[in-house]
Amino acid sequence: MNVAHLIAKKRDGRTLSDVEITFLIDGYSRGHVPDYQMSAFAMAIYFQGMTLEETTHLTRAMLDSGDRLTWSNGKPKVDKHSSGGIGDKVSLPLAPLLAVCGVDVPMISGRGLGATGGTLDKLESIAGYRCNLSLDEFRNVVHWTGCSICGATENLVPADRMLYALRDVTATVPSVPLITASILSKKIAEGLDALILDVKWGSGAFMKTLDQAQTLAKSLVAVAKQLGVKTQALITDMNQPLGRMIGNGVEVDESVDILQGNGPADATELTIELGSRLLVLAGIAVDRTHAVLRLQQAIADGTGWEKFAEMVREHGGDATAPRRRGKKSVVPADESGFVESIDAERIGLTVIELGGGRRTLGDPIDHSVGIEFLVRLGDKIDQGQPVAHVFCDKNDLTELAVQLVSISVRTGKRPIASPPLIVEEID
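Residues numbered from 1 in each chain as written. Predicted model: local features only at pLDDT ≥ 70, side-chain atom pairs only at ≥ 80, totals over all residues. Heavy atoms only, no water.

As a further point, take the pattern of salt bridges. A complete count under the given rule lists 28 salt bridges for this structure. Between Asp 79 and Lys 187 there is a salt bridge, with the nearest N and O atoms lying 2.6 Å from each other. Of the two residues, Asp 79 sits in strand β1 (residues 78-82) while Lys 187 sits in helix α9 (residues 176-188), which places them 108 residues apart along the sequence. Taken as a pair, Asp 79 and Lys 187 share a single burial class, namely buried. With its nearest N and O atoms 2.8 Å apart, the salt bridge here joins Asp 198 to Lys 200. Residue Asp 198 shares its accessibility class with Lys 200, and that shared class is buried. One connected set of salt bridges, linked through shared partners, spans Glu 273, Arg 277, Arg 288 and Glu 425. (Salt bridge = Lys/Arg side-chain N within 4 Å of Asp/Glu carboxyl O. Helix = DSSP H or I, 4+ residues; strand = E, 2+ residues; numbered from the N terminus. Buried < 20%, exposed > 50% of the residue type's maximum accessible area, 1.4 Å probe, protein only.)

And the structure:
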């Protein structure tokens, strides 16, 4: 087959076969197809899209480019994926809660992307926590503990790692077929029986409109089912931060609060909603009512927190060690009124300005910085009232962060209804 011919075929909006897509992806992962041709192919997909069948073939080809995990015990293997949001720390409490309820959670996560914080960056604020486990170490932690959260190895879906780096520098990241294949190839490589997807929409999400989120969620669910994994998706609101804390160490602290029954209502609710659906998909619970009760019990009796601490120990860390937090500064409200809109993306970018995220690959992370956001959409506030706290030891960065957070909150004269957290469920 001729690579240029296949690029032209997709450029002209024609459908590629399984054999043709496999030829391209296999050739790229082996070094036979150069970056410039794969860049052209990605751009052709960006403009012409792909059918469900093509996206499934692309996902399978990327999945087959490297290792796939297999498991010897009979416990269901489940995982959750979020499309990313501000203050989204749900993976941290969810994995141990699910493990307590009788499923294994082999969760392979990533670093921060854009304004969105990364699960691995948050976990590394825990003293001693190792994110880079070998596949054998990862299997052992899951086998003995029931859950593990770590980074991908070089041999796990290498085609995705190569293609994602290329998309990042060729402006082809926001393509639904490419996003679908990237997410699902990594998740299905974990050897899952069931998967729950949290697709966010709004000012702090990758998908800014509800229509975009619905399109992505439907694509993810359809392709995952084609590949034999029981899957559901929730479309959730990200027009304001999830929970109160945004950062690394502060989000770990809030995750512990959730596990100990003291977490914010929205983050706790979303953890339970995602977890309950996974337990039903995995056949562990007969219905969601039963599943919710099991998860709530794991919080109430402390077993969820104990499981989290156990998982952290297996990764070389100490969940009980205090996490350093920068000096607290107040962000006052500029004017009185009702909170009308929150620029959640700007809040996430502010954490990056403080040093809590990366501008370029390899930037160091300051795990002590963060923001505590104190108001919600629809709240009545008075001028001068604290709307947030900034945690940072550097005065110049603190002043900048206070300004950025302040202009992220817009008030109006009339009250508005707070938007629902869960907008839609897609089966």
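This brings us to the sheet that holds β1. Across the sheet, 4 strands lie side by side as β1-β4-β5-β13; this open sheet has mixed pairing. Of all the strands in the sheet, the pair left with one neighbour each is β1 and β13 (422-426). When strand polarity is set aside, the average angle formed by the axes of neighbouring strands in this sheet is 15°. Examined bridge by bridge, strand β4 (residues 194-201) and strand β5 (residues 230-237) share 8 bridges and lie parallel to one another. Across the sheet, Lys 200 pairs through a bridge with Thr 236, a residue of β5. Along the sheet, helix α10 (residues 210-226) contacts β4, β5 and β13; its crossing angle with β5, the most-contacted strand, is approximately 170°. (Pairing = 2+ DSSP bridges. Axes fitted to C-alpha atoms, helices over the stretch in contact; angles between N-to-C directions. Contact = heavy atoms within 4.5 Å.)

So, about the side chain of Ser 408. When you line up the elements, Ser 408 lands in the loop between α16 (395-406) and β12 (409-412). A polar contact of 2.7 Å, which involves the side chain of Ser 408, links it to the backbone oxygen of Leu 404. If sequence neighbours within four positions are ignored, Ser 408 has contacts with Ser 341, Ile 342, Asp 343, Arg 346 and Ile 347. (Polar contact = N/O pair within 3.5 Å; in protein donor to acceptor, adjacent residues only side chain to side chain.)

Let's shift gears to the sheet that holds strand β6 (residues 245-247). An order of β6-β9-β11-β7 is seen for the 4 strands of this open sheet, with the pairing classed as antiparallel. The two strands at the open ends of the sheet, each matched to only one other strand, are β6 and β7 (328-332). Strand-to-strand, the axes of this sheet are offset by a mean angle of 20°, without reference to chain direction. One ladder, built from 5 bridges, connects β7 with strand β11 (residues 386-391); its direction is antiparallel. By the bridge assignment for β11, Ser 329 is matched with Val 390. Running over the sheet, helix α11 (residues 249-259) touches β6, β9 (370-373) and β11 and is turned about 140° from β6.

Our focus in this paragraph is the packing of helix α1 (residues 3-11) against helix α3 (residues 35-48). Between α1 and α3, the shortest axis-to-axis distance is 8 Å and the interhelical angle comes to 15°. The angle between α1 and α3 places the two elements in the roughly parallel class. In this structure, the crossing between α1 and α3 has a hand that is left-handed. Seen from α1, the contacting residues are Val 3, Ala 4, Ile 7, Lys 10 and Arg 11; seen from α3, they are Gln 37, Ala 40, Phe 41, Ala 44, Ile 45 and Gln 48. Split into classes, the residues belonging to the contact of α1 with α3 amount to 7 nonpolar, 2 polar and 2 charged. (Parallel < 35°, antiparallel > 145°, perpendicular 65-115°, else oblique. Left-handed = near helix turned anticlockwise from the far one by under 90°. Nonpolar A, V, L, I, M, F, W, Y, C, P; charged D, E, K, R; others polar.)

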